[in-house]
Amino acid sequence: MLQVDLAPHAAATRFVESRLEGGATHATDRRVADMKDVFQDETLRSGMDPDRLMYQVFAHEAVNQGTPGGLFFGVTHLSPGTVGNEYFMTKGHTHARPECAEYYWGIEGTGFLVLFNATRAWVEEIAPGSLHYVPGRTAHRIVNTGDVVLKVGACWPSDAGHDYSVIKSTAFTVIIRNTDGRAQCVPNPAFG
Ligand code: M6P
Ligand code: ZN
């Protein structure tokens, strides 16, 4: 009879309260100090507590970075808050291999996925259960417009890599800001 082994690697990795724990997983913290030149008002950001946690990324990397054909799986926990009137957000990136795409999906909380490529910019609402396909050659970042931690899942190719050259506050073509208590999507006044 065929022998079937319970894979110890898979059994050791767990999704616990939307965090990833166990084999081949690691967590990355992004604090206010790590977000230089990401928000419109760099003076306000630099005056905030540098240790304040903006977001955490939990990732499961079963293969080495750069491995062709593999996948990575992650969850981002993005805190609520603003820098001036701009909501907390991830740095945002394109992929070092630009043709690589990615899936995002909403787990908890509410926010926006901001995307732009050479021809257009667009924004998708994130809520529990929402599914988002990020095409290749498209910059992407998430923004927390709610009062609770925004938790978003992600799956991307293990050879996609990250290119953060788009994160300068002047580069994203669209920003999400709080206007009289409402989330408003506006063209980035610093763009261009
Ligand atoms: C998702 C994935 C990760 C990414 C993370 C945070 O989990 O897209 O690859 O690192 O979001 O985004 P950023 O790297 O732009 O800070
Ligand atoms: Zn990505």
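Presented here is a report on the structure given in the accompanying data block. The structure presented is a predicted model; accordingly, all values stated were derived computationally and were not measured.

### Describing the pattern of salt bridges
Pairing is possible between side chains of opposite charge, provided their charged atoms come close. Overall, the coordinates contain 6 salt bridges when judged by the stated rule. In this structure, Asp159 and Arg97 form a salt bridge, with 3.5 Å as the shortest nitrogen-oxygen distance. In this pair, Asp159 is assigned in the loop between strand E13 (150-157) and strand E14 (174-179) and Arg97 in the loop between strand E7 (86-87) and strand E8 (102-108), connecting sequence segments 62 residues apart. Residue class for Asp159 comes out buried when judged on its relative accessible area of 17%.

### Here's the deal with the coordination of the zinc ion (ligand 2)
Looking at the metal site, the zinc ion (ligand 2) is ligated by His93 (NE2), His95 (NE2), Glu102 (OE) and His140 (NE2), spaced 1.9 to 2.2 Å from it. Coordination geometry of the zinc ion (ligand 2): the 4 donor atoms subtend angles of 85 to 154 degrees at the metal centre, consistent with an arrangement described as irregular. Sequence spacing of the donor residues for the zinc ion (ligand 2), all on one chain, is H-x1-H-x6-E-x37-H. Here Glu102, found in strand E8, pairs with His140, found in strand E12 (residues 139-144); they are 38 residues apart in sequence, far enough to count as distant. Each member of the pair, Glu102 together with His140, is buried.

About the thresholds
Residues numbered from 1 in each chain as written. Chains lettered and ligands numbered in written order. Predicted model: local features only at pLDDT ≥ 70, side-chain atom pairs only at ≥ 80, totals over all residues. Heavy atoms only, no water. Salt bridge = Lys/Arg side-chain N within 4 Å of Asp/Glu carboxyl O. Helix = DSSP H or I, 4+ residues; strand = E, 2+ residues; numbered from the N terminus. Buried < 20%, exposed > 50% of the residue type's maximum accessible area, 1.4 Å probe, protein only. Donors = N, O, S within 2.8 Å, 3.2 Å for Na, K, Ca; no water. Tetrahedral: all angles 85-135°; square planar, octahedral: opposite > 155°, others 65-115°.

Coordinates in, geometry out; function isn't part of it.
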